[in-house]
Amino acid sequence: MALPWKLPLLLLSLMGCLAASGVLQSPVFTKQPGSIVYPVESAERSREVVFSCEAQGTPPPSYRWKLNGSEVVFSSGLDFSLSGGNLRISRLSRERDAGTYQCLASNAFGTVVSRQASLTFAYLENFKTHRRSSVSVREGQGVVLLCGPPPHSGDLVFSWIFNEYPAFVKQDTRRFISQETGNLYIAKVEPSDVGNYTCVVTNTVTKSRVQGPPTPLVLRSDGVMGEYEPKIEVQFPELIHVAKGSTVKLECFALGNPVPSISWRRVDGSAFPRKVDARKASGVLEIPYFQQEDTGTYECVAENPRGMNTVKGKLSFYAPPQLIEKPEDVQKLIDESLVWECKATGKPKPSYRWMKNGQNLEPTEERVQVANGALSISRLTLSDTGMYQCVAGNKHGEVYSNAELRVIAVAPDFSHNQLRSQTLVRVGGDALIECRPKMSPWGVVSWRKGSEPLQESSRISILDNGNLRIWNVSAADAGLYTCVARNQFGTASSSGSVTVKEPTVITSLPTTLDVTVGESVVLPCQVNHDPSLELKFTWFFNEQLIHFGSHGGFLEKVGGHSAGDIMIRNIQLRHAGKYTCAVQTKVDSSSIAIDLIVRGPPGPPTSVHVEEITDSTASLSWRSGPDNHSPVTAHTIQARTPFSLGWQAVTTVPEAIGGRQLTATVIDLSPWVEYEFRVLASNTIGTGEPSKPSKQARTKGTSPKVTPANVSGGGGSRSELVITWEPVPEELQNGPGFGYVVAFRPHGATGWMQAAVPSAETSRYVFKNESIQPFSPFHVKVGVYNNQGEGPFGAVTTIYSAEEEPGRAPTRVRARSLSASEVEVSWKALPWSASKKRVLGYELRFWSRSGREDSASVHRTVGNQTSTVIRALKGSTTYYVSVRAYNTAGSGPPSATVNVTTKKPRKYPLTLAPDLVSSSPR
């Protein structure tokens, strides 16, 4: 007879199951009401409006409405009626029906509230005053004509008629109509402004228009108004709140004589964005699509020759709330906890409230809490089931987000969480057998071993969540275990066995191994284990998993079935570190660590720095690099320059640099050369990698010390002494401004003539003087200098001046044909001596009868030769030949021309191939 008190729980549980299966559904809005502005021409005339509201749900939702927070009453004869979820209002009353409306949709799962929608009435009444006094001003004075619009609701547009319709006042720099007040402003009155002015007001919603009484504007007769500075009559507020994405218009107009000019600027000095057309600003600055970056203080400047006046106002950005994180529908079991996050953006920062089934949810200290938009409910009960809404709002609006909470009650069920069929555990280990039935509310969990109830002890405990834990397991703990779950809706159970195995033990001891680069070593990992279990060996290097086969062949597994040994071949410095062998079975795991020390050549020194440098020395310092477990015994310094082939060892003081010494002086450097230095460290194992190079450092300059090599010369044109040498290499010039000093004197003279050659790359100097005799000997020496001073001269050498070409022509020239392509030419030689017109050889010029002498071919001989053979000629061809002597100055006069005809070429008999010879018929 205990069923009646359980019936509500069963019904709620049944509803949860039906909802989960899709049979039932909580209410969800498909249409929500929107705000309405109703145009009326007068308060007496009435019509009707309809607010839309529609929601889906199973069972179908019922609807209610609220006006200004109070529930709307529906009954016959009243002006409120429902059509589905829509609210129809008949015989509208401006005093009764204006306000904020909300729709509420409800079914068995709860209630949801729609967004707020307002009903406002737009109207425009007539002007009540029928006459206005005339306004009297002096010419040149400014004036303001007041509009004073009648009672209204809805946005208005203002215009003014001058004298009679349709003559409307046109706005310009002198006249301005404020769309905020409706007033007409004339900065400086002129005689043509005299007349009647009528304010016209138009309601943008109702489209109705009314005219005010005319205002006469007359001129006073007491003279013309003198010039005066601008007086700003139209100005915007000091603080304006502007909605995101809206268009803001700032009005500014001034009276003055002369007519003031109006300009705009931002106080922070930043330029207006492109969306603002400053050229059209004049009395109105319009900023479309207002954003956060448009906030700031704006200034209107009115200016004329008599002075300037300004007004400032700050634009403040605001944005209505917009949800960025919404709660989702959720289904929970009794006693579970719920946390729903709700976040929104907006300026000012939104505040949050939560509603349940259309009513504000009040937090409690015990179970229900709201913090920063998040709703949390602990220890859920069936009464927490319902529709929840997060409402985020600031002074510019509210947004709603809906979510359903279903709290269900179920009997114990193991269908999705059976006990593990087998739990493996080692002797001495701990066993945890999870029991996770699905049941709501949570009931009682008990355990059996075999068929007997399991008794808790110091080793055996049933945890609060129903799990069973056994400490220090022994072989006697093996067997079949059953978990039994009960609550007021039923009982269920699930079973699984516990199997006890012998523990896995690594028999190798932790150790430290010390090896040298290039050696090989075995890292041991020996194991005792239960033979029924498979072993899995895993190695780690400095806590990173080792992937064998991806280390360049250095690492290799060498252990057998019960050993996980590995070998490292050709060990390098990078292999030093901590190695961990982990062995794992289905029951347990164990590990051992081995520290591997690798000794090798030192690492590169660091921070090589040139402390001081002279013209031939450099003082260096550096820091020690890693010694790689073998003390540094010596250091070596190397240097390179732009002129050296790679790095070269240098001479140092001290000559031998010890392992602990971190400074040394390099000597025997070349002046004015950029050097880089590096340091290498050595120990008993070897020499390590070099340090990074030091920064380039240039030695100081000195006067040059090296003179040019291979000073020689000779030749050239008449009256010239040509002197040549090999330029001094740049690395031996010892400083900037390097050049040469050429000294020379005739043979037998005592004084030297000198000439400076300022180019370091120059290798030739020519002295020309008409007094120089041909082939005269000169003593010559070449010295060096730079900006630091003069250097030495080289050794004195003898060089001859240019000689004269031979003055006579060879005689007795003869030519005879040797073959179809060869001709022999002979002549009588000139005297062969070292005179000023010496002969170095002979030059033959030859050309065919069909050719020309100016295009003749040239054939030269060397020495005192009196005949030669000209080859590669054409057969049966007449050639003309002349001979002349030559030396370094050129060629002498030609001999008499002789001619010779080459022999006729030989003709060879034609030999036919055998297969081309025909035989005569028999």
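Residues numbered from 1 in each chain as written. Predicted model: local features only at pLDDT ≥ 70, side-chain atom pairs only at ≥ 80, totals over all residues. Heavy atoms only, no water.

Visitor: Got a minute to help me understand the sheet that holds strand 30 (residues 338–340) in this structure?
Guide: One key point about sheets: their strands pair by backbone hydrogen bonds, in either a parallel or an antiparallel sense. Overall, antiparallel pairing links the three strands, which are arranged 30-35-34 in an open sheet. The open sheet terminates on both sides in strands that have one partner only, identified here as strand 30 and strand 34 (368–371). Strand-to-strand, the axes of this sheet are offset by a mean angle of 10°, without reference to chain direction. One ladder, built from four bridges, connects strand 34 with strand 35 (residues 374–377); its direction is antiparallel. Considered in strand 35, the bridge of valine 370 is made with leucine 375. (Pairing = 2+ DSSP bridges. Helix = DSSP H or I, 4+ residues; strand = E, 2+ residues; numbered from the N terminus. Axes fitted to C-alpha atoms, helices over the stretch in contact; angles between N-to-C directions.)

Visitor: Explain the nonpolar core to me, please; I cannot follow it from the model alone.
Guide: Soluble, globular proteins show a tendency: their nonpolar side chains are buried together. Phe51, Trp65, Ile89, Tyr101 and Leu119 are the most contacted members of the largest nonpolar core, which totals 25 residues. The element best represented in this core is strand 11 (residues 117–124), accounting for four residues. The contacts of isoleucine 89, once residues within four sequence positions are left out, are Arg47, Glu48, Val49, Phe51, Asp79, Phe80, Arg96, Asp97, Tyr101 and Leu119. Counting 23 residues, the second-largest nonpolar core is a separate cluster that includes Leu513, Val521, Ile568 and Ile571. (Core = buried A, V, L, I, M, F, W, Y, C linked by side-chain atoms within 4.5 Å. Buried < 20%, exposed > 50% of the residue type's maximum accessible area, 1.4 Å probe, protein only. Contact = heavy atoms within 4.5 Å.)

Visitor: How should I be thinking about the packing of aromatic side chains in this particular structure?
Guide: Two descriptors summarise a pair of aromatic rings, namely the distance from one centre to the other and the angle between the planes of the rings. Throughout the structure, instances matching the rule amount to 20 aromatic pairs. Between the aromatic rings of tyrosine 38 and phenylalanine 121, the centroid separation amounts to 6.0 Å while the plane-to-plane angle is 80°, which identifies the pairing as edge-to-face. Separated by 83 residues along the polypeptide, tyrosine 38 in strand 2 (residues 36–39) and phenylalanine 121 in strand 11 bring together distant segments of the chain. Note on accessibility: tyrosine 38 and phenylalanine 121 belong to one class, buried. Measuring from centroid to centroid gives 5.3 Å for phenylalanine 176 and phenylalanine 253, while their planes differ by 15°, and the two rings are stacked. (Phe/Tyr/Trp six-rings, centres within 6.5 Å; stacked < 30°, edge-to-face > 60°.)

Visitor: Got a minute to help me understand the sheet that holds strand 59 (residues 618–623) in this structure?
Guide: With antiparallel pairing, four strands are arranged side by side in an open sheet as 58-59-64-62. Since the sheet does not close on itself, it has two edges, and those belong to strand 58 (606–613) and strand 62 (651–653), each with one partner. With direction set aside, neighbouring strand axes in the sheet form an average angle of 35°. For strand 62 and strand 64 (residues 663–667), the ladder comprises three bridges, and the chain directions are antiparallel.

Visitor: In this structure, what is going on with the pattern of salt bridges? I would like to understand it.
Guide: Proximity of charged atoms lets side chains of opposite charge pair with each other. In this structure the tally under the stated criterion is 34 salt bridges. In this structure, aspartate 79 and arginine 96 form a salt bridge, with 2.7 Å as the shortest nitrogen-oxygen distance. Remark: arginine 96 occurs in helix 2 (residues 94–97) and aspartate 79 occurs in the loop between strand 6 (70–71) and strand 7 (80–83); sequence separation between them is 17 residues. Aspartate 79 sits in the buried class, given a relative accessible area of 12%. Since its relative accessible area comes to 36%, arginine 96 is described here as partly exposed. Notably, a salt bridge pairs arginine 174 with aspartate 193, separated by 2.5 Å at the nearest N-O pair. Within this pair, whereas arginine 174 is found in the loop between strand 15 (156–162) and strand 16 (175–177), its partner aspartate 193 is found in the loop between strand 17 (184–186) and strand 18 (195–203), the two being separated by 19 residues in sequence. Under the relative-accessibility criterion, aspartate 193 is labelled buried at 2%. Salt bridges sharing partners connect three or more residues here, namely Asp79, Arg91, Arg96 and Asp97. (Salt bridge = Lys/Arg side-chain N within 4 Å of Asp/Glu carboxyl O.)

Visitor: Explanation requested: the pairing of strand 46 (residues 479–487) in the structure shown.
Guide: Along any regular strand the residues' side chains alternate between the sheet's two faces. The pairing of strand 42 (residues 444–449) with strand 46 spans six bridges and is classified as antiparallel. Paired with tryptophan 447 across the two strands is cysteine 483, which belongs to strand 46. Here strand 46 runs beside strand 47 (residues 490–501); their pairing, made up of nine bridges, is antiparallel. If you follow valine 484 over to strand 47, its bridge partner there is serine 493.

Visitor: Just to check I follow, could you spell out the environment of serine 821 for this structure?
Guide: Tracing the backbone shows serine 821 in the loop between strand 75 (811–817) and strand 76 (823–828). Note on serine 821: relative accessible area 29%, which makes it partly exposed. Put simply, serine 821 and proline 905 are 84 residues apart on the chain and 8.4 Å apart in space, counted from C-alpha to C-alpha. Discounting chain neighbours no more than four positions away, the residues touching serine 821 are Ile870, Arg871, Ala872 and Leu873.

Visitor: Sorry, what's going on with the environment of alanine 760 here?
Guide: Relative to the assigned elements, alanine 760 resides in the loop between strand 70 (753–757) and strand 71 (764–768). Looking at alanine 760, the relative accessible area reads 11%, which means it is buried. When the C-alpha atoms of alanine 760 and asparagine 372 are compared, they prove to be 82 Å apart, with 388 residues separating the residues in sequence.

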